[in-house]
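Analysis of the macromolecular model
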Amino acid sequence: MYANKPIIGLAGGIGSGKSFVARCFADAGCHVIDSDKQVAQAYCDRQIQETLRTWWGEAAFLADGSINRRFIADAIFNDPSQRLRLERLLHPWVNAARRREMADAAQDNSIVAFVWDTPLLFEAGLAGECDFVVFIDVPPEIRLQRVQRSRGWNATELERREKLQWPLYKKRDISDYVLSNTADAALVRDQVREIIPRILAQIAQQ
């Protein structure tokens, strides 16, 4: 809970459509905190940039001076120690930004809950800070189609990336709610509108 508003974390596999589901929660009165946007802001921080330059040199930057996120992604996926080092650099910055954003929105009575749209909710230890976790369930063939379109990945690449994360069955089993996100946007919105009152009712009973 934060300012008497529940914190709802979103979890799911790669290509599960967490951002779309987050928008559905926003439409239903929740304040969504997008960790990807906060990471992008962190990469603009001068101190973080200088640290990255120390680690990887100019290869970590594009010609315009912005972060070369593709280079960094390749570096951390090929080396777990590099990934851990980057997480230790970024996570404190992002965690502080998340808290500031919630503090700024805390007194807005139109907000019924906070929703954390963050990659690796369980792996980063953030699920324990949430009051409820919603797992977004999507068949593997649909997730593959999505990442083929959006990222150009094949099945091998998707499998390689997912092996770095918790098994999906484990995330699903320990989540509080399961939401299906296939091709029917209206069905997703209906599920969100059903989940929110149930969460608020549980909070009221505590």
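Going by the structure above, here's the rest.
Model, not experiment: these values are computed from the prediction. (Residues numbered from 1 in each chain as written. Predicted model: local features only at pLDDT ≥ 70, side-chain atom pairs only at ≥ 80, totals over all residues. Heavy atoms only, no water.)

With that out of the way, let us pick up the pattern of salt bridges. Between side chains of opposite charge, pairing is possible as soon as their charged atoms come close. Within the structure shown, the criterion is met by eleven salt bridges. A salt bridge links arginine 161 to glutamate 157; the nearest nitrogen and oxygen atoms lie 2.6 Å apart. In this pair, arginine 161 and glutamate 157 both sit in helix α7 (residues 155-162), four residues apart, roughly one turn of the helix. Overall, the relative accessible area of 10% leaves arginine 161 in the buried class. Given a relative accessible area of 18%, glutamate 157 falls into the buried group. (Salt bridge = Lys/Arg side-chain N within 4 Å of Asp/Glu carboxyl O. Helix = DSSP H or I, 4+ residues; strand = E, 2+ residues; numbered from the N terminus. Buried < 20%, exposed > 50% of the residue type's maximum accessible area, 1.4 Å probe, protein only.)

Given two aromatic rings, their pairing is described by the distance between the two centres and the angle made by the two planes. Evaluated as defined, the whole model comprises five aromatic pairs. With a centroid separation of 5.5 Å and an interplanar angle of 85°, the aromatic rings of tryptophan 55 and tryptophan 56 are classed as edge-to-face. Given the relative accessible area of 13%, tryptophan 56 is considered buried. The interplanar angle of 50° and the centroid separation of 6.3 Å between the aromatic rings of phenylalanine 132 and tyrosine 177 together place this pair among those described as tilted. Residue phenylalanine 132 is located in strand β4 (residues 132-137), and its partner tyrosine 177 is located in strand β5 (residues 177-180); the two are separated by 45 residues in the primary sequence. In this structure tyrosine 177 comes out as buried when scored by relative accessible area, which is 8%. Taken together through their ring pairs, the aromatic side chains of Trp55, Trp56 and Phe71 make up a single cluster. The ring centre of phenylalanine 61 lies 4.0 Å from the NZ or CZ of arginine 53, which sits over that ring. (Phe/Tyr/Trp six-rings, centres within 6.5 Å; stacked < 30°, edge-to-face > 60°. Lys NZ or Arg CZ within 6 Å of the ring centre and 35° of its normal.)

Turning to unusual backbone geometry, a few remarks are in order. In this structure, alanine 3 takes a positive phi of about 55° despite not being glycine. By secondary structure assignment, the location of alanine 3 is in the segment before β1 (7-12). The backbone phi angle of asparagine 4 is positive, close to 65°, even though this residue is not glycine. Relative to the assigned elements, asparagine 4 resides in the segment before β1.

Looking now at the layout of surface pockets. Roughly 1,500 Å³ of internal volume is contained in the largest pocket. Looking at the largest pocket, it is lined by 45 residues, and the ones nearest its centre are Asp36, Arg69, Phe77, Pro119 and Leu120. Among the elements of the structure, β1, α1 (18-27), α2 (35-42), α4 (69-77) and α5 (80-105) are those that each provide at least two residues to the lining of the largest pocket. With eight residues, α5 is the single largest residue contributor to the lining of the largest pocket. (1 Å grid on protein atoms, 1.4 Å probe; cavity = no way out; pocket = protein on both sides within 12 Å on 5 of 7 lines; lining within 4 Å. Points joined across faces, edges and corners; volume = space filled by probe spheres on them.)

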